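Next come the chains, spelled out residue by residue.
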Amino acid sequence: MTKRIVFRGTVQGVGFRPFVWRVADSFGLKGFVRNIGNGVEAVFCGEPSTIQNAIEMIRISPPPQAIIESVEIADFAGDYKDLKILETPEGTPSSVLVPPDIGICDDCRRELLDPKDPRHLHPFISCTNCGPRLSIIRRLPYDRHTIAQGDFDLCDRCRNEYMDPLDRRYHAQTIACPDCGPTVFMGELKGQEAILEARRSLLAGEIVAIKGIGGFHLACIATNEASVNALRMLKNRGNEPMAVMCFDIAQARGQAEIGPCEEQSLSSWRKPVVLCKKSNNYSLAPSVAPGTDKIGIFLPYTPLHVLLLDGLPPVVLTSANLHEEPIIADGKENLMVTKVLDNDREIVVPIDDSVARCFKGRQQLFRRARGFVPETLLVPKGPSILALGGQMKNTFTFAYDGKVMVSHHIGEMGNAATFARFTESLCLFRELFGFKEEYCAHDAHPSYTTTVHRKELSRSDRFIPVFHHHAHIASVMGEYGLDGEVIGVAADGTGFGTDSTIWGFEFLVASKSEFQRIGHLRTFQLPGGEVAIKDCRRILFSLARQAGSTIDLGIGPQERELWGVMIDRGINAPITSSLGRLFDGFAVLAGLGQKATYEAELAVALESAYDPGTKPFDFPLRDFGDHFEIDWAVALKQGIEDPASISGRFHKGISEAIVKGCLLARQKTGLKRVCLSGGCFLNLVLLELVFDALSSEGFEVYTNISLPPGDGCVSFGQAVVALSRVGGVRCV
Ligand SMILES: [Zn+2]
Ligand SMILES: [Zn+2]
Ligand SMILES: [Zn+2]
């Protein structure tokens with residue numbers, strides 16, 4: 001008998017067709033396998049039980065990166081004498097998922113370093129189980145002629161392997177070898193000579209720009225303080241920590257505490273940067289990650305990285321773009337250095353490294369990009385929605401057919417070049433996914449770039465504004481598929497509120513479609529607005545003034561008067577309930593700095609200074625009947641009187657306040673599920689304190705895991721809200 005089987009999900013570009021062929025061949029089946037627009041189609045001819053067994057085998061042990069979402073089986077007419085892999089029919093409409101970029105596999109890494117292998121030292125070695133995917137795709141279906149690698153004609157050896165069903169590179173679209181693959185070059189030097197020159201330059205203390213999978217990095221030896229410092233000056237990124245690449249897990253262990261979860265995350269094919277605690281033997285240059293007890297580590301994810309790092313100390317590898325600018329994908333752009341290790345394979349989708357950490361033994365994403373995007377999450381079925389996200393750390397989201405695709409981290413929308421990249425990526429992804437929205441969700445902030453330009457960005461004129469912190473909480477509900485109402489705690493930096501003030505520490509009673517603000521941090525003013533986010537003395541000044549306390553900030557009478565006037569007259573002194581800003585103010589009080597050279601620098605310093613053996617500050621909860629407020633003034637006075645161990649007392653006090661708020665919310669509403677989201681929960685100390693305390697009070701606690709708790713989750717949350725509002729309403 002003959003059956004036609006259609007596999008849907010992430011089944012193209014992950015070695016799925018050859019795998020299906022091999023399984024079918026091992027069962028003696030005849031027929032064919034091919035990519036079709038919306039999946040992989042197999043036609044099997046043989047005994048019914050044999051066909052069934054083969055399908056089961058495919059279902060239970062697919063290739064590592066494949067995700068089978070559904071299998072359809074139907075009778076089919078036809079008799080076959082052999083088993084073939086067929087080419088993809090041209091012009092097939094496509095809704096299949098593109099796989100994320102896949103880090104180098106163990107087999108390729110071994111061949112790369114094996115002098116007897118034909119691909120020994122070839123920096124573009126890959127196979128059906130590894131190599132770039134999303135970053136090189138021009139259109140679907142994923143095939144040799146639709147990807148940037150297709151610009152290189154195959155040599156006879158590669159062609160033979162590509163055609164041989166028993167070879168690991170059978171239909172490996174990124175197949176390459178020294179005779180036919182892309183070329184690395186540095187100035188006039190090519191191939192191995194260029195790589196050796198890059199290594200020499202690094203060891204000599206120079207900074208080298210290196211083209212990776214998703215864009216250019218700037219690299220230098222991480223133990224060389226002069227080089228790291230020079231790199232930091234070049235990037236003009238203040239004290240923001242930089243990630244380092246280690247050759248292998250053993251080298252990583254030398255610098256960081258790596259538990260089973262960290263190891264799994266580091267070694268996974270997704271190869272994210274993993275934030276680990278610095279170990280006692282930490283020996284990297286002080287400028288790599290100043291002011292924090294964490295270090296971001298990742299392992300080589302391309303063959304080029306393996307060749308570069310073999311035998312070297314850990315190497316700083318940080319994106320070559322300036323702060324807030326989009327990632328650089330073209331070697332002709334200004335890379336700020338003379339040593340550039342470039343290559344001639346085009347990057348079609350520039351994409352940043354992903355950043356993760358471990359929370360409760362699970363990988364939690366900080367930044368979701370390479371290795372994760374464009375994998376989809378599941379949501380209830382409904383109309384198609386484009387969600388434009390917010391302003392900072394922005395992503396966009398497509399919701400369609402019960403799935404959501406959250407884009408890679410694109411960044412700061414206030415930067416013209418980054419916003420242009422956002423628009424380009426949106427266009428490209430529209431084509432890749434054949435996506436057209438029926439509704440467009442956007443932030444309720446009237447002057448966010450994505451709100452202002454929503455009519456140009458959207459192909460629908462049905463707009464759904466979503467409030468920032470509702471989106472945060474809805475993103476958690478969406479991740480876990482929670483329905484009904486929950487208590488939402490948004491602990492965040494900045495978000496536009498219903499009263500037009502800057503929200504940032506909010507207690508909501510929320511469903512996916514609606515929310516009510518039931519409590520918040522007592523508000524205060526930010527003299528100078530955005531300036532106060534960088535000059536955090538202004539925040540502490542404002543807090544102290546409002547609390548009627550005096551504090552010596554070492555500022556002159558002129559500044560004091562100016563800030564005072566701003567606050568008293570409400571001139572450029574926006575009102576906020578932001579926990580992020582409260583962190584900044586208390587970090588200044590703790591003497592951990594006065595100005596932030598990157599976002600949340602002082603909050604990170606406050607987290608790193610945490611001392612568990614201290615008593616919490618008092619943050620009394622004042623219930624006004626229709627809402628409650630958490631008062632920071634008592635804590636401030638306690639801190640001014642006794643400035644010892646401010647970090648520990650602050651973290652514990654805030655954690656207690658969150659629990660008090662949730663207990664009151666439960667008392668009033670009977671709800672016992674709490675969703676935590678917002679940038680402050682990137683603070684692991686705070687998240688763990690709150691999570692544990694709420695759990696022991698009998699709450700069911702949820703927080704973002706697959707998406708970042710920071711603003712990377714906002715577009716997804718908007719899509720969840722919009723779907724819930726218009727669910728079932730289809731436009732004709
Ligand atoms: Zn491989
Ligand atoms: Zn070749
Ligand atoms: Zn936010």
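Predicted model, so just to flag it, every value in this text is computed and none were measured. (Residues numbered from 1 in each chain as written. Chains lettered and ligands numbered in written order. Predicted model: local features only at pLDDT ≥ 70, side-chain atom pairs only at ≥ 80, totals over all residues. Heavy atoms only, no water.)

(A) Representation of the packing of aromatic side chains within the structure. The final tally for this structure, using the stated rule, is 28 aromatic pairs. With a centroid separation of 6.1 Å and an interplanar angle of 80 degrees, the aromatic rings of Phe398 and Phe433 are classed as edge-to-face. Taken together, the residues span a long stretch of sequence, with Phe398 in strand S20 (residues 397-400) and Phe433 in helix H10 (residues 416-433) at a distance of 35 residues. When its relative accessible area of 6% is taken as the criterion, Phe433 is described as buried. (Phe/Tyr/Trp six-rings, centres within 6.5 Å; stacked < 30°, edge-to-face > 60°. Helix = DSSP H or I, 4+ residues; strand = E, 2+ residues; numbered from the N terminus. Buried < 20%, exposed > 50% of the residue type's maximum accessible area, 1.4 Å probe, protein only.)

(B) Quick look at the coordination of the zinc ion (ligand 3). Within the first shell, the zinc ion (ligand 3) binds the protein through His468 (NE2), His472 (NE2), Asp492 (OD) and Asp711 (OD), at distances of 2.0 to 2.1 Å. Considering all four donor atoms around the zinc ion (ligand 3), angles at the metal cover 90 to 158 degrees and the coordination shape is irregular. Donor residues for the zinc ion (ligand 3) sit on one chain with the sequence pattern H-x3-H-x19-D-x218-D. Here His472 is found in helix H13 (residues 468-480), whereas its partner Asp492 is found in strand S24 (residues 486-496), with 20 residues between them in sequence. (Donors = N, O, S within 2.8 Å, 3.2 Å for Na, K, Ca; no water. Tetrahedral: all angles 85-135°; square planar, octahedral: opposite > 155°, others 65-115°.)

(C) Structural detail: the pairing of strand S14 (residues 315-319). Judged by how many residues are buried, S14 sits mostly within the fold: five of five residues are covered. Of the two faces of S14, both are covered, the one formed by Val315, Leu317 and Ser319 as well as the one formed by Val316 and Thr318. As defined by bridge partners, strand S9 (residues 216-221) adjoins S14 across five bridges and the pair is classed as antiparallel. Looking across to S14, one finds that Ala219 is bridged to Leu317. (Pairing = 2+ DSSP bridges.)

(D) Summary view of the coordination of the zinc ion (ligand 2). Bound to the zinc ion (ligand 2) on the protein side are Cys155 (SG), Cys158 (SG), Cys177 (SG) and Cys180 (SG), at distances that span 2.3 Å. Every donor residue of the zinc ion (ligand 2) comes from the same chain, spaced as C-x2-C-x18-C-x2-C. Placement of Cys158 in helix H4 (residues 156-163) and of Cys177 in the loop between H4 and strand S6 (184-186) is noted, with a sequence separation of 19 residues between them.

(E) Just the sheet that holds strand S3 (residues 39-45), in detail. The five strands lie next to each other as S4-S1-S3-S2-S5, forming an open sheet whose pairing is mixed. The open sheet terminates on both sides in strands that have one partner only, identified here as strand S4 (67-75) and strand S5 (83-85). Pairs of neighbouring strands in the sheet enclose a mean axial angle of 15 degrees, with direction left out of account. Here strand S2 (residues 30-36) pairs with S5 via three bridges, running parallel. For Val33, the partnering residue across the bridge sits in S5 and is Ile85. Here helix H1 (residues 16-26) sits on the sheet and contacts strand S1 (2-10), S2, S3, S4 and S5; the angle it forms with S5, its principal contact strand, is near 175 degrees. (Axes fitted to C-alpha atoms, helices over the stretch in contact; angles between N-to-C directions. Contact = heavy atoms within 4.5 Å.)

(F) Geometry of helix H2 (residues 48-60). If you check H2, its first and last C-alpha atoms are 18 Å apart, about what 13 residues at 1.5 Å a residue would give, namely 18 Å. Those residues of H2 not exposed but buried are Thr50, Ile51, Ala54, Ile55 and Ile58. Buried residues along H2 cover an arc of 135 degrees about the axis, so they all sit on one side. Next to the buried residues of H2 lie S1, H1, S3 and S4. (Expected span 1.5 Å × (residues − 1). Arc of directions from axis to C-beta.)

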